[in-house]
Amino acid sequence: MNEKKNIAILGSTGSIGTQALDVIRANTDKFSVEVLTGSGNADLLIKQAIEFNPNTVVIADESKYKYVKDALLPHDIKVFAGNASIADVVKMDSIDTVIAAIVGYAGLESTLSAIKAGKQIALANKETLVVAGDLVTKLAKENGVNLYPVDSEHSAIFQCLAGEFHNPVEKIYLTASGGPFRGKTRDFLQNVRKEQALKHPNWEMGAKITIDSASLMNKGLEVIEAKWLFGLETDQIDVIVHPQSIIHSIVQFADGSMKAQMGLPDMKLPIQYAMAYPQRIKSDFPRFNFMNYPQLTFEPADTNTFRNLSLAYEALKKGGNAPCVLNAANEVAVDAFLKDKIGFLQMSDVVEKCLQTATHISKPGYEDYINTDKETRMAAAALILKIEPIKSI
Ligand code: NDP
Ligand code: MG
């Protein structure tokens, strides 16, 4: 790389955002920070801004605007508030790459705005593709924008496809760790609490994706994400449980040959690959040692126990606004689970019911997605109100 890449990190105070800043801190000759955004964690956003001296920061939570503004007054950093401002600042001429690392549907508007402004995207926010994959990929194509996957499985597929872009893919296998409840029964899951679900065996991530990983919804969302990123049909995407999380995913080509990408589970690697593509930057991330893993194992996903994965496949087959319904219902259900309002298995009940009752739109536009998201959130909230709150133990 000859020139520094100017980076905007949307969601810099989160798990992906802070790790992206770790990558930048180790490579200040290659990257500089142009924009940082956070939501509730104003103190961390201020600290990051003072360290990395971006042109602009945006705090999504408008009630914290004055606090951030006052703290950054001596630093010649512009401060804005609200999600509309995030969607606005991503258009700045000085930005080369936008790291989309806001969690959930809240990241859609700013990602679309960055794509329309022709920015290259390092995409962590998988929900964006789940909600509006056709729109996002169509706009990316029209604007000459590459969507570089940050999600480790999709980065693995992308790395396996390097040099193979004209060779047809027969199939991909997304690997799943199985999460903290692998091998458990529905009886057991009936009573699990958020404290247990938040303990992921291999990855440290934000709360929402950690719950999604425990319920296998994360893998369901990733199946949909893979369809849009790699232009695949539903039956070309398979999921295989691999508890050690060393093989990050696999591509099978038309001749039957399979390529896998492997390494220790560390999100900094896919983040750095997405930021530096097509280069590989030297890193000091811990290296994999075969002798520490004498066995890598594989098993099928238990979709009878973890129904979310089947629900995601169903939504993908149904198409149109169904994945948007799946996502909105899941976001509301996960939030309710994290607030002890519903049990672990009831999250799937809420998603299933919303999928059954939502009005289907086969060719939705942006407004349809906004309305579908809004209506599904209301429907899911109404369902949750009818569920008896879980008792404290
Ligand atoms: P976190 O919850 O750790 O961080 C989310 C970020 O988004 C924070 O900066 C948060 O701000 C900000 N944010 C939250 N709500 C809003 C909102 N309404 N408007 C604007 N900003 C908001 O999530 P992760 O970093 O774990 O995940 C981010 C995305 O990356 C998700 O889509 C996830 O699926 C994906 N991903 C994450 C992986 C991981 O290892 N963590 C792996 C693969 C994908 P604040 O904290 O200040 O409130
Ligand atoms: Mg993943």
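Above: the structure in question.
Residues numbered from 1 in each chain as written. Chains lettered and ligands numbered in written order. Predicted model: local features only at pLDDT ≥ 70, side-chain atom pairs only at ≥ 80, totals over all residues. Heavy atoms only, no water.

*Asks:* Lay out the sheet that holds strand β10 (residues 247-253) with the relevant residues and their values.
*Replies:* In space, the 4 strands of this open sheet follow the order β9-β8-β10-β11, with mixed pairing throughout. One side of each edge strand has no neighbouring strand; the edge strands of this open sheet are β9 (237-241) and β11 (258-262). For this sheet, the mean inter-axis angle between neighbouring strands, taken without regard to orientation, is 20 degrees. Here strand β8 (residues 169-176) runs beside β10; their pairing, made up of 5 bridges, is antiparallel. Directly across from I172, in β10, lies its bridge partner V251. (Pairing = 2+ DSSP bridges. Helix = DSSP H or I, 4+ residues; strand = E, 2+ residues; numbered from the N terminus. Axes fitted to C-alpha atoms, helices over the stretch in contact; angles between N-to-C directions.)

*Asks:* How would you sum up the site of ligand 1? Please name residues and give values.
*Replies:* Close to ligand 1 lie 25 residues; T13, S15, G40, E127 and G206 are nearest. At 2.7 Å, a side-chain N or O of T13 approaches an oxygen atom of ligand 1. Protein burial of ligand 1: of its 890 Å² of free accessible surface, 84% is covered by the chains. Taken together, the elements giving at least two residues each to the shell around ligand 1 come down to α1 (15-25) and α6 (126-142). (Near = heavy atom within 4 Å. Polar contact = N/O pair within 3.5 Å; in protein donor to acceptor, adjacent residues only side chain to side chain. Areas by Shrake-Rupley, 256 points an atom, 1.4 Å probe, with all protein chains shown as cover.)

*Asks:* Could you give me a rundown of the coordination of the magnesium ion (ligand 2), with the residues and numbers involved?
*Replies:* The coordination sphere of the magnesium ion (ligand 2), as far as protein atoms go, consists of D151 (OD), E153 (OE) and E222 (OE), spread over 2.1 to 2.2 Å. Look at D151 and you get buried, because its relative accessible area is 8%. (Donors = N, O, S within 2.8 Å, 3.2 Å for Na, K, Ca; no water. Buried < 20%, exposed > 50% of the residue type's maximum accessible area, 1.4 Å probe, protein only.)

*Asks:* Quick rundown of the side chain of H242? Include the residues and the values.
*Replies:* Secondary-structure assignment places H242 in the loop between β9 and β10. For H242, a relative accessible area of 0% corresponds to the buried category. Here I246 takes part through its backbone nitrogen, which lies 3.1 Å from a polar atom of the side chain of H242. Among residues more than four places away in sequence, those in contact with H242 are T175, A176, S177, I247, L296, T297 and F298. (Contact = heavy atoms within 4.5 Å.)

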